[in-house]
Amino acid sequence: MGNQLRLEKFEVGDLDRLLSWIDSPSTMYLFGGSLFEYPVTSEQLDKYVLAENRLIYKVVEETTLEVIGHAELNLIDFKNRSARICRIIIGDEASRNKGYGKAIIRSLIDIGFNELKLHRLELGVYDFNIQAIKCYKACGFEIEGLLKENIKVGDEYWSTYNMSLLNTG
């Protein structure tokens, strides 16, 4: 992949762009799990941005300087040296399937392990999201277990894999 990206601090001015990417209940659940209710409102996002133990990023494509996505480290626990990677979205459809997912995850791993000096990173991924599971595995994450039918979306129940990566360096 010739294109590069960087993670920059997510700011209040980025809220409208993020809202425009969450255009259906299923997209909302894929992005935010049960944290938000659809339609996601500015009030929900304001509360989200102010939460402690969370680093929120916008994903910037370095060649065009376009904001193409969103990523987060959440539940940062310095005592146990762990955090959860979550709320990853490549909102710009033209930027999907170009390898940005791996670049985002690798950037979050770098921040977690090298900047924050964490020992463990984990994430949750819905069991049908095969492309994301492949991406996480390619970045070194391993499946720890399956939470069966742990979230209800419409009339369906979705199951979630928990995956983790340890800092062995």
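(A) Examining the side chain of Ser 159 more closely. Along the polypeptide, Ser 159 turns up in strand β7 (residues 156-166). When its relative accessible area of 10% is taken as the criterion, Ser 159 is described as buried. A polar contact of 2.7 Å, which involves the side chain of Ser 159, links it to the backbone nitrogen of Glu 149.

(B) The sheet that holds strand β3 (residues 67-77), seen in detail. Within the open sheet, the seven strands sit side by side as β1-β2-β3-β4-β5-β7-β6. Their pairing is mixed. Two strands close off the open sheet at either side, each with one partner strand: β1 (5-9) and β6 (142-153). Here the average twist between neighbouring strands, direction ignored, is 30 degrees. Inspection of the sheet shows strand β2 (residues 55-61) paired to β3 by six bridges, in the antiparallel sense. Across the sheet, the residue bridging to Val 60 is Val 67, located in β3.

(C) Broad picture of the packing of helix α4 (residues 100-115) against helix α5 (residues 130-138). Where α4 meets α5, the axes come as close as 9 Å, and the angle between the chain directions of the two elements is 45 degrees. Relative to α5, the element α4 is oriented oblique. Crossing of α4 against α5: the hand is right-handed. Within the contact between the two elements, α4 uses Gly 101, Lys 102, Ile 105 and Arg 106 and α5 uses Cys 135, Tyr 136 and Ala 138. By residue class, the composition of the contact of α4 with α5 is four nonpolar, one polar and two charged.

(D) Seen up close, the packing of aromatic side chains. Counted according to the given criterion, the structure contains seven aromatic pairs. Judged by centre distance (6.3 Å) and plane angle (75 degrees), the ring pair of Tyr 29 and Trp 158 falls under edge-to-face. Highlighted residues: Tyr 29 in helix α2 (residues 25-32) and Trp 158 in strand β7, separated in sequence by 129 residues. Judged on exposure class, the residue Tyr 29 and its partner Trp 158 are both buried.

(E) Representation of the nonpolar core in the model. Counting 32 residues, the largest nonpolar core has Leu 73, Leu 121, Tyr 136 and Phe 141 as its most contacted members. Among the elements that line this core, the one with the most residues is α4, at eight residues. When neighbours within four sequence positions are excluded, Phe 141 is seen to be in contact with Ile 85, Ile 105, Ile 109, Leu 121, Glu 122, Leu 123, Tyr 136, Met 163, Ser 164 and Leu 165. Within the second largest apolar cluster, 21 residues are counted, among which are Phe 10, Met 28, Phe 31 and Phe 36.

(F) Broad picture of the pairing of strand β4 (residues 82-90). Within β4, eight of the nine residues are buried, which leaves it mostly tucked inside the rest of the structure. Of the pairings in the sheet, the one linking β3 to β4 comprises six bridges and is antiparallel in character. From the neighbouring strand, Leu 73 faces β4, where its bridge partner is Ile 85. If you look at the hairpin formed by β3 and β4, you'll find four residues sitting between the two strands, and Arg 81 has a positive phi there, around 55 degrees. As defined by bridge partners, β4 adjoins strand β5 (residues 120-126) across four bridges and the pair is classed as parallel. Looking at the pairing, Ala 83 lines up with Leu 121 of β5. Between β4 and its parallel partner β5, the chain crosses via α4, and the hand of that crossover is right-handed.

The rules we used
- Residues numbered from 1 in each chain as written.
- Predicted model: local features only at pLDDT ≥ 70, side-chain atom pairs only at ≥ 80, totals over all residues.
- Heavy atoms only, no water.
- Helix = DSSP H or I, 4+ residues; strand = E, 2+ residues; numbered from the N terminus.
- Buried < 20%, exposed > 50% of the residue type's maximum accessible area, 1.4 Å probe, protein only.
- Polar contact = N/O pair within 3.5 Å; in protein donor to acceptor, adjacent residues only side chain to side chain.
- Pairing = 2+ DSSP bridges.
- Axes fitted to C-alpha atoms, helices over the stretch in contact; angles between N-to-C directions.
- Parallel < 35°, antiparallel > 145°, perpendicular 65-115°, else oblique.
- Left-handed = near helix turned anticlockwise from the far one by under 90°.
- Contact = heavy atoms within 4.5 Å.
- Nonpolar A, V, L, I, M, F, W, Y, C, P; charged D, E, K, R; others polar.
- Phe/Tyr/Trp six-rings, centres within 6.5 Å; stacked < 30°, edge-to-face > 60°.
- Core = buried A, V, L, I, M, F, W, Y, C linked by side-chain atoms within 4.5 Å.
- Right-handed = clockwise from strand over helix to strand, strands pointing away.

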